[in-house]
Amino acid sequence: MAKILIVEDDLDICTQVVGWLTFDKHTVEAVHDGKEGSDRLKFYQYEVIILDVNLPHISGFDLCKRYREAGGNTPILMLTGKTEIADKEEGLDSGADDYLTKPFHMKELSARIRALLRRSTKAVGNVLELGGYSLDTAKKQFSVDGEAVTLAPKEFALMEFFMRHPDEVFSQETLLDRVWSSESDASVYSVYTAVKTLRKKLTTDGKKSILSTVHGMGYRLESK
């Protein structure tokens, strides 16, 4: 589960992708031109960015290049109907991490996204592991010491985010920005509640939760 931004002006394709990725348990936001995409990237952070090449106002190539030049390092997947090698080369040279030519199968899109997410974390296949905790991003399963633990969708998203960023401290405001949709009416209290219930589920059979509170700063998932 990841927070994903898609910038695509073809409303039919955009609707299909948003529906598929939402079904795949991701938090998805969509805008339909390059300027909107640029504005979102200035104020919000995402785990994956999906860019169409032919966008109004600012092309996908230019948007990608500007984002990279500004220091943005989120993985970028470019979508286009073009098949020429020169176009793919331009997309990759502008800073894209991967390239998917239309039309494409939604399962391939999911596989590409999982691959991009794996590059930024230690994972075996689709499984994230930390101590006795194991999280399968494809099967949407989580276990503690081999025992399955049922997590609500937002709890699962939080755990995946923490496991991708072990030992880092995140404030409630940062978690709200990184895990919840920017269009959501959720508040920092929503984060507090989700972390509280997640911590209880991580504390099983006397096993102390590795999700700790750093007073005055936020929360941290401890790797040791």
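Refer to the preceding data block for the structure.
Below you will find a few notes about this structure. (Residues numbered from 1 in each chain as written. Predicted model: local features only at pLDDT ≥ 70, side-chain atom pairs only at ≥ 80, totals over all residues. Heavy atoms only, no water.)

Looking at the pairing of strand β9 (residues 141-144)
Two faces make up the sheet, and in a regular strand the side chains alternate between them. Threshold: Should DSSP find at least two bridges between two strands, the strands are taken to pair. Helix and strand definitions follow DSSP, with helices as H or I runs of at least four residues and strands as E runs of at least two, each counted in order from the N terminus.
As defined by bridge partners, strand β8 (residues 133-136) adjoins β9 across four bridges and the pair is classed as antiparallel. Its bridge partner lying in β9, L135 is registered against F142. Here β8 folds back onto β9, and the loop between the two strands holds four residues, one of which, K140, carries a positive phi near 60°. Summarising the sheet, β9 and strand β10 (residues 147-148) pair through two bridges and their orientation is antiparallel. Its bridge partner lying in β10, S143 is registered against A148. Here β9 folds back onto β10 in antiparallel fashion, the turn holding two residues, of which D145 has a positive phi close to 55°.

Thoughts on the sheet that holds strand β12 (residues 211-214)
Heads up, the rule is: The contact criterion used throughout is that any non-hydrogen atoms of two residues lie within 4.5 Å. All axes are obtained by fitting lines to C-alpha atoms, using only the stretch in contact for helices, and the reported angles, taken between N-to-C directions, cover 0 to 180 degrees.
If you trace the three strands from one edge of the open sheet to the other, you get β11-β13-β12, paired in antiparallel fashion. Each end of this open sheet is capped by a strand with a single partner; those strands are β11 (169-170) and β12. Judged from the four bridges that link them, β12 and strand β13 (residues 218-221) form a sheet pairing that is antiparallel. The residue bridging S212 from the neighbouring strand is R220, located in β13. The strands that helix α6 (residues 153-164) touches are β11, β12 and β13; relative to β13, the one it contacts most, it runs at about 70°. Lying over the sheet, helix α8 (residues 188-202) contacts β12 and β13, oriented at roughly 135° with respect to β12.

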